Amino acid sequence: MDADGAFTGEVEYRHRSDETDHEPVPQPAAEHFAADLDLACDFCNATDPVWSYRAPGIGSLAFDGDDQVVHEDDFGDDWAACRTCAHLIERGMRRRLLDRAVAAFGDPALRPGLQALHAAFFLQKRGKRRRLG
């Protein structure tokens, strides 16, 4: 998809992690066991995402006490959402989306970080959602 969310016809295969020693070798989903397909909602971690949103350029950095980067994450360009989270996104119900995420992860201390992540998602969201599968 281009920056506006329009399909370009180009396909790019990626690993789920940057820590790999080979190029990705795509496999049709039908050749995998369902347990091997670990699709999850990127907002609440539900195992039944049905929509995908394009929100490129979001990442995070973790610093130690000396302000040195100790961990870096790139969240990728596409964000999966279950029906409930997609409903909240489509209606702009950010607080309810955040409440759902905090409850799903079970740690209220994560709230500020999740709120910042969601804010970045809404700022970077491009185009319309796409149905998965």
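You'll find the structure just up there.
All chains use their own residue numbering, which begins from 1 and follows the written sequence. In view of the model being predicted, local features appear only for residues whose pLDDT reaches at least 70, and side-chain atom pairs are presented and counted only at 80 or more, with totals across whole chains, interfaces and linings using the full set of residues. The basis for every side-chain value is the complete set of non-hydrogen atoms in the structure, without hydrogens or water.

1. Remarks on the overall build of the chain
Inclusion rule: Counting from the N terminus, the helices are the DSSP runs of H or I reaching at least four residues and the strands are the DSSP runs of E reaching at least two. Per-residue accessibility, obtained with a 1.4 Å probe over protein chains only, is compared with the maximum for each type, and a residue is labelled buried under 20%, exposed over 50%, and partly exposed between these values. Contacts: residue pairs with any heavy atoms within 4.5 Å of one another. Here the Shrake-Rupley method, with its probe set to 1.4 Å, supplies the accessible areas, and only the displayed protein chains count as covering residues.
Secondary structure assignment for the chain yields three helices and five strands. When the helices and strands of the chain are read in sequence order from the N terminus, they spell out β-β-β-β-α-α-α-β. Taking all 133 residues of the chain together, the buried fraction comes to 25%. The long-range share in the chain, meaning contacts at least 24 apart out of those at least 6 apart in sequence, stands at 58%. With the model as given, the accessible surface of the chain reaches about 9600 Å², and the carbon-plus-sulfur share is 49%.

2. A look at the packing of aromatic side chains
The description of an aromatic ring pair rests on the distance of the ring centres and on the angle between the ring planes. Our working definition: The rule is short: rings of Phe, Tyr and Trp, with Trp giving its six-membered ring, pair when the centres are within 6.5 Å, and they are stacked under 30 degrees, edge-to-face over 60, tilted in between.
The final tally for this structure, using the stated rule, is six aromatic pairs. Consider the rings of Phe-43 and Trp-79, whose centres lie 5.8 Å apart with planes at 35 degrees: the pair is tilted. Residue Phe-43 is found in the segment before strand E1 (51-54), and its partner Trp-79 is found in strand E4 (residues 78-81); the two are separated by 36 residues along the sequence. Under the relative-accessibility criterion, Trp-79 is labelled buried at 3%. Both rings, one in Trp-79 and one in Phe-121, keep their centres 5.4 Å apart while their planes meet at 50 degrees; by these two values the pair is tilted. Of this pair, Trp-79 sits in strand E4 while Phe-121 sits in helix H3 (residues 111-124), and the two are 42 residues apart along the sequence.

3. A few points about the sheet that holds strand E5 (residues 126-131)
Two orientations exist for strands paired in a sheet by backbone hydrogen bonds: parallel and antiparallel. In plain terms, the rule: At least two DSSP bridges between two strands are required for those strands to pair. Orientation is described by axes fitted as lines to C-alpha atoms, over the contacting stretch for helices, and by angles from 0 to 180 degrees between their N-to-C directions.
A sheet is described by the order of its strands in space; here three strands give the open sequence E4-E1-E5, paired in antiparallel fashion. Each edge of the sheet is formed by a strand with only one pairing partner; in this case those strands are E4 and E5. Averaged over all neighbouring strand pairs, the angle between strand axes comes to 25 degrees, with direction disregarded. Where E1 lies against E5, three bridges are found, and the strand directions are antiparallel. Bridged to Trp-51 within E5 is Arg-131.

4. Section: a nonpolar patch on the surface
Selection criterion: Within the patch definition used here, like charges are joined within 9 Å and nonpolar side chains (Val, Leu, Ile, Met, Phe, Trp, Tyr) within 5 Å, considering only residues with over 30% relative accessible area and no salt bridge. The term salt bridge refers to a side-chain nitrogen of Lys or Arg lying within 4 Å of a carboxyl oxygen of Asp or Glu.
On the surface, a nonpolar cluster with roughly 290 Å² of combined accessible area is contributed by Leu-61, Phe-63 and Val-69. Along the polypeptide, Val-69 turns up in strand E3 (residues 69-74). With a relative accessible area of 46%, Val-69 lands in the partly exposed category.

5. With respect to the nonpolar core
Note the following rule: We define the nonpolar core as a collection of buried residues of types Ala, Val, Leu, Ile, Met, Phe, Trp, Tyr and Cys that are connected through side-chain atoms lying within 4.5 Å of one another.
Membership of the largest hydrophobic core comes to 20 residues, with the highest contact counts inside it found for Phe-43, Cys-85, Ile-89 and Phe-121. Within the residue set of this core, elements represented by two or more residues are E1, E4, helix H1 (83-90) and H3. In terms of residues, this core owes the most to one element, H1, which gives four residues. Each residue touching Cys-85, except ones within four places of it in the same chain, is listed here: Cys-41, Phe-43, Cys-44, Leu-97 and Arg-100.

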